[in-house]
2 protein chains.
Amino acid sequence: MKNKIKQLRGERGWSQAVLAEKLDVSRQSVNAIETGRYDPSLPLAFRIARIFGVPIEAVFDDGDGA
Amino acid sequence: MKNKIKQLRGERGWSQAVLAEKLDVSRQSVNAIETGRYDPSLPLAFRIARIFGVPIEAVFDDGDGA
DNA sequence: CATTTCTGTAAAGCAACCTTTACATATATC
DNA sequence: GATATATGTAAAGGTTGCTTTACAGAAATG
């Protein structure tokens, strides 16, 4: 599952640590999700999308079926 | 995390077993998600939304922050 | 060059998701 | 009443998500 977290985060000038704090998760979780090591849970995906102010589909992309 | 799977499924006349087959998961998983015992993974949430032809936010609702 | 900030990754452990097998109940149709 | 379909739930086990602690390299700043 691809995502645009790095891009959205960069546009706002937030470090991984800052985003992690806003999301109430560890910095390692942000890094792991951003680098594609694993996908976030659905509740966390909602928080991520809401913090960036966009729909979930604007952050995550399963190509066509992952 | 609340969801409208039961409603969307009912509108289409699909049983839990039929939906499970379309999603490629077990019937028990569909039941557990539908009855709120746990949330689907993000990839599964994408498949669910796509099968119903609606955005993820139209199926799932975390109230305001779960 | 020294220090700080940011990022990437690893290991160990707990919690959540999802599976298979199995049983119980309800409703419908014969 | 018997059979079939639909739903709800449980237990055990594997996989994935997320944590804490820890180390290392890259990039900025003094």
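Right, let's walk through the structure included here.

Rules behind the numbers
Residues numbered from 1 in each chain as written. Chains lettered and ligands numbered in written order. Predicted model: local features only at pLDDT ≥ 70, side-chain atom pairs only at ≥ 80, totals over all residues. Heavy atoms only, no water. Near = heavy atom within 4 Å. Polar contact = N/O pair within 3.5 Å; in protein donor to acceptor, adjacent residues only side chain to side chain. Helix = DSSP H or I, 4+ residues; strand = E, 2+ residues; numbered from the N terminus. Nonpolar A, V, L, I, M, F, W, Y, C, P; charged D, E, K, R; others polar. Phe/Tyr/Trp six-rings, centres within 6.5 Å; stacked < 30°, edge-to-face > 60°. Buried < 20%, exposed > 50% of the residue type's maximum accessible area, 1.4 Å probe, protein only.

Gln28, Ser29, Tyr38 and Ser41 of chain A together with Gln16 of chain B are the nearest of the 21 residues found near DNA strand D. Considering the 4 Å shell around the protein, atoms of DNA strand D inside it are sugar or phosphate in 59% of instances. Taking aspartate 39 of chain A, its main chain carries an N or O atom lying 3.3 Å from a phosphate oxygen of DNA strand D. Residue assignment for the surface near DNA strand D shows that the elements contributing at least two residues are helix 3 (27–34) of chain A together with helix 1 (5–12) and helix 3 (27–34) of chain B. The biggest single contributor to the surface near DNA strand D is helix 3 of chain A, with four residues. Each residue belonging to the surface near DNA strand D can be placed in one class, and the counts come to five nonpolar, nine polar and seven charged.

This part is about the packing of aromatic side chains. All names here are of chain B. Overall, the coordinates contain two aromatic pairs over all chains when judged by the stated rule. Measuring from centroid to centroid gives 5.8 Å for tryptophan 14 and phenylalanine 52, while their planes differ by 15 degrees, and the two rings are stacked. Highlighted residues: tryptophan 14 in the loop between helix 1 and helix 2 (16–23) and phenylalanine 52 in helix 4 (residues 42–52), separated in sequence by 38 residues. You can call phenylalanine 52 buried: its relative accessible area is 4%.

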